[in-house]
Amino acid sequence: MKRILKITFIVTALTLFFASCVKDLNTKPINPRLISPESAYSTANGYKQVLAKCYAGLSVSGQQGPSGNPDISGIDEGFGEYLRGYWYHQELTTDEAVIGWNDQTIKNFHYQTWGSGDVFIAAMYYRIFYQVSLCNEFIREAQDSKLDARGITGQDKINCQYYRAEARFLRALSYYHALDLFGNVPFVTENNEPGKFFPPQINRADLFNYIQSELLAIEPLMFGARSNEFGRADKGAVWMLLAKLYLNAEVYTGTQRFTDCITYCNNIIGAGYTLEPKYKNLFLADNNKSNEIIFPIEFDGVRTRTWGGTTFVIHAAIGGSMPPSDFGVAGGWGGTRTTKPIVKLFYPDLKNGLWHSTTPPKSTNAYPVLYCPGSYQGWNASNPNTVVASVKSDGQYEGYLNFLTGGIQFKFAANGTWDVNWGDGGNGTLKHNGDNISVADAGYYKVNADTVAMTFSILKTTWAIIGDATSGGWSNDTPMVYDTTLKAWTVTADLLGGKGLKFRANGGWDLNYGDDGTLTGILKAGGDNISIPEDGTYIITMKLGCPDYTYTIHRNSYDRRAMFWSDGQSLEINDIGMFTDGYAITKFKNITSEGVGGSDQTYCDTDFPLFRLADVYLMYAEAVLRGGGSGSTSTALDYVNALRERAYGDQAGNITLSELNLDFILDERGRELYWECQRRTDLIRYGRFSTGNYLWPWKGGVKNGISTLPFYNIFPIPSSDVSANPNLKQNPGY
């Protein structure tokens with residue numbers, strides 16, 4: 001069986017009898033149908049199906065998908081899904097993500113101004129303890145005495161014992177999230193029989209010890225690493241959770257455990273996991289094939305439908321000029337982007353105009369346009385991809401159109417309709433409802449139209465780079481080639497550092513472009529020379545089409561983990577509510593590694609790689625640098641460079657031992673693991689989450705970022721639960 005969660009909705013009714021302390025934690029499981037434990041657990045297959053609900057608790061939000069019968073009341077099911085809530089807490093609170101929506105208190109996450117009444121914090125808190133309750137009930141019903149009483153023996157009993165260990169792992173995982181996010185929390189296990197009682201509060205250090213003891217106890221009871229069904233936990237997942245627990249032990253308990261972290265990293269590394277050859281494949285719809293993923297949260301566009309999970313991660317990141325079809329979905333939600341410091345992890349010196357992104361950077365200016373319907377595009381008078389623009393809003397329009405064949409005819413149309421249109425009036429003049437404008441030859445044409453003087457012109461162009469940075473100097477062109485897929489002119493060339501280049505058409509200077517002086521990759525007719533910082537082989541791209549015209553210049557070897565959409569996006573975030581402020585992230589897609597779309601264009605197939613080998617390599621390196629015994633700095637360097645060789649495609653990005661330090665590891669974790677729910681925990685471990693040790697845009701609710709108070713390092717227990725349970729004491733500061 002490929003995916004255990006594909007049977008989730010077969011078994012939802014089997015879970016409806018669940019009751020536990022979460023009722024006393026002010027949650028409300030929705031149970032429209034009641035099924036007794038004796039019925040649900042009458043066979044080993046019944047146990048497996050209920051276990052599927054325990055796994056599905058990480059993926060879906062209720063008894064049917066994507067909404068309509070939620071596990072927890074009081075919040076929209078999309079917001080109340082486990083991974084979506086965890087992503088909010090781990091990403092929106094950091095430099096890695098902002099969100100443009102105005103849903104209740106959602107922006108307070110990035111501002112670090114949340115309080116104990118925050119509905120999103122409450123949703124995560126109750127989701128964690130609902131998950132704990134599911135696992136508690138399963139563990140209680142899977143005791144050997146109950147298996148024996150139900151006549152489950154032999155291999156069926158052995159299988160159920162594995163299921164029980166997996167449920168204990170899932171409970172430990174949720175308690176780990178409670179430990180990391182909330183610190184001191186209510187605590188119940190299978191030994192607390194369901195009923196009306198007030199759960200006691202456990203302090204953070206004691207919860208750490210409990211999670212550790214549970215993981216150590218179940219380690220020998222789990223399937224061997226890489227031997228369970230995909231999506232189910234095994235020893236590799238147990239080792240990974242132990243390694244993460246020990247890496248952060250000083251935060252949780254005040255005592256370092258870096259040597260123990262190294263021990264469990266070594267266990268994982270020795271278990272046969274391997275790096276996925278192509279980084280991007282880890283975040284696609286068929287990432288279940290990867291041998292790098294140690295434990296995923298599974299999703300399926302047909303069988304596990306949700307408004308959370310990777311459906312949220314993918315849809316919310318799409319907006320502006322981003323074509324949803326490129327991501328395997330039918331539309332975007334225009335919500336999440338990243339901040340300038342994350343972009344600068346990949347491009348520390350943006351002022352040189354060296355970029356690599358899905359498309360070149362583009363101005364956010366919105367210019368008046370004329371549409372150019374014609375035989376080359378089906379005479380579509382509203383096609384936004386075939387327009388020319390008036391940069392000065394003065395009736396003078398220009399742009400570039402690519403005609404794949406000769407004998408093309410076209411016209412100009414205003415407002416995306418045929419109501420007002422201009423054609424050929426003879427001798428280069430425009431005429432209302434005039435004749436079609438004819439183009440004899442195929443080619444890439446510069447098109448000008450002046451609706452004041454009523455004139456037009458078309459010029460066939462071919463493009464090249466020229467300059468003392470090129471091998472031909474300022475005398476000889478280096479031709480470029482038009483890429484119809486990228487819709488851009490490109491060339492790969494050896495360039496000289498400390499010198500410059502420009503783009504020019506048709507071997508002359510009548511039409512040439514340089515930098516516009518903003519150093520953001522925008523071209524200007526007759527503009528400044530574009531400077532090259534150092535010798536190397538570069539990929540040069542020029543995108544014309546409709547203004548603004550843009551360029552990219554980047555080293556042939558570059559970090560391919562940089563997955564940003566900058567077309568129409570501003571690097572600076574002046575308005576956190578504006579999707580086009582901040583670069584978008586293109587990391588997750590609902591498309592397979594073969595380019596095939598997922599099973600549904602709304603609900604995504606892409607699994608979320610909660611634990612993967614690259615994280616282990618970086619944990620090992622950090623633990624060694626922090627003084628953990630039994631580790632080796634040379635081995636740590638090898639692991640880091642293995643990640644960088646995958647990222648660059650060669651050894652161009654490799655570092656030396658002298659460059660391997662803790663600051664580098666934090667930055668490398670940002671480059672490798674961004675948007676994978678690691679950043680908040682990492683920044684806290686490094687002392688850079690709250691206070692003023694590290695600022696990012698809109699931290700503290702201020703554009704350039706300000707210091708915040710250290711009590712924000714953990715979230716508050718929801719005020720509703722503190723009021724309901726006299727055993728609970730609120731976290732300091734709230």
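Presented here is a report on the structure given in the accompanying data block. (Residues numbered from 1 in each chain as written. Predicted model: local features only at pLDDT ≥ 70, side-chain atom pairs only at ≥ 80, totals over all residues. Heavy atoms only, no water.)

**What to know about the pattern of salt bridges**
The final tally for this structure, using the stated rule, is 42 salt bridges. Among the ionic pairs, R680 bridges to D180, the shortest N-O distance being 2.8 Å. Taken together, the residues R680 in helix α17 (residues 679-685) and D180 in helix α7 (residues 154-182) connect sequence positions 500 residues apart. In this pair, the class of R680 matches that of D180, namely buried. Where K446 meets E398, a salt bridge forms, and the shortest distance between an N and an O atom there is 3.8 Å. (Salt bridge = Lys/Arg side-chain N within 4 Å of Asp/Glu carboxyl O. Helix = DSSP H or I, 4+ residues; strand = E, 2+ residues; numbered from the N terminus. Buried < 20%, exposed > 50% of the residue type's maximum accessible area, 1.4 Å probe, protein only.)

**A short note on helix α3 (residues 82-92)**
Of all 11 residues in α3, 11 are buried; the element is thus mostly enclosed. Regarding α3, the residues found buried are Y82, L83, R84, G85, Y86, W87, Y88, H89, Q90, E91 and L92. The N-cap residue of α3 is E81: its side-chain oxygen and the backbone nitrogen of L83 are 3.2 Å apart. (Polar contact = N/O pair within 3.5 Å; in protein donor to acceptor, adjacent residues only side chain to side chain.)

**Remarks on the packing of α3 against helix α12 (residues 309-316)**
In a pair of packed helices, the angle between the axes and the distance between the axes together describe the arrangement. At their nearest, the axes of α3 and α12 sit 7 Å apart, and the two run at 50 degrees to each other. The orientation of α3 with respect to α12, classified from their angle, is oblique. Taken together, the residues of α12 that come into contact with α3 (itself represented by L83, R84, W87 and Y88) are G309, T310, F312 and V313. Residue composition of the contact of α3 with α12, by class: five nonpolar, two polar and one charged. (Axes fitted to C-alpha atoms, helices over the stretch in contact; angles between N-to-C directions. Parallel < 35°, antiparallel > 145°, perpendicular 65-115°, else oblique. Contact = heavy atoms within 4.5 Å. Nonpolar A, V, L, I, M, F, W, Y, C, P; charged D, E, K, R; others polar.)

**Some points on the side chain of H110**
Note that H110 resides in helix α4 (residues 108-111). Contact partners of H110, with chain neighbours within four places excluded, come to L92, T93, T94, A97, V98, T339, I576, W696, P697, W698, K699 and G700.

**A short note on the packing of aromatic side chains**
Considering all chains together, one arrives at 61 aromatic pairs under this definition. A centroid spacing of 5.2 Å and a plane angle of 75 degrees characterise the contact between Y125 and Y126, whose relative ring orientation is edge-to-face. Across this residue pair, the class does not change: Y125 and Y126 are buried. Judged by centre distance (6.1 Å) and plane angle (45 degrees), the ring pair of F295 and F611 falls under tilted. Placement of the pair is F295 in strand β4 (residues 293-297) and F611 in strand β28 (residues 608-612), with a sequence separation of 316 residues. Residue F295 is classed as buried on the basis of its relative accessible area of 0%. Lying across the ring of F283, K587 places its NZ or CZ 4.5 Å from the centre. A cation over a ring is seen here: K589 above F327, with NZ or CZ 5.4 Å from the ring centre. (Phe/Tyr/Trp six-rings, centres within 6.5 Å; stacked < 30°, edge-to-face > 60°. Lys NZ or Arg CZ within 6 Å of the ring centre and 35° of its normal.)

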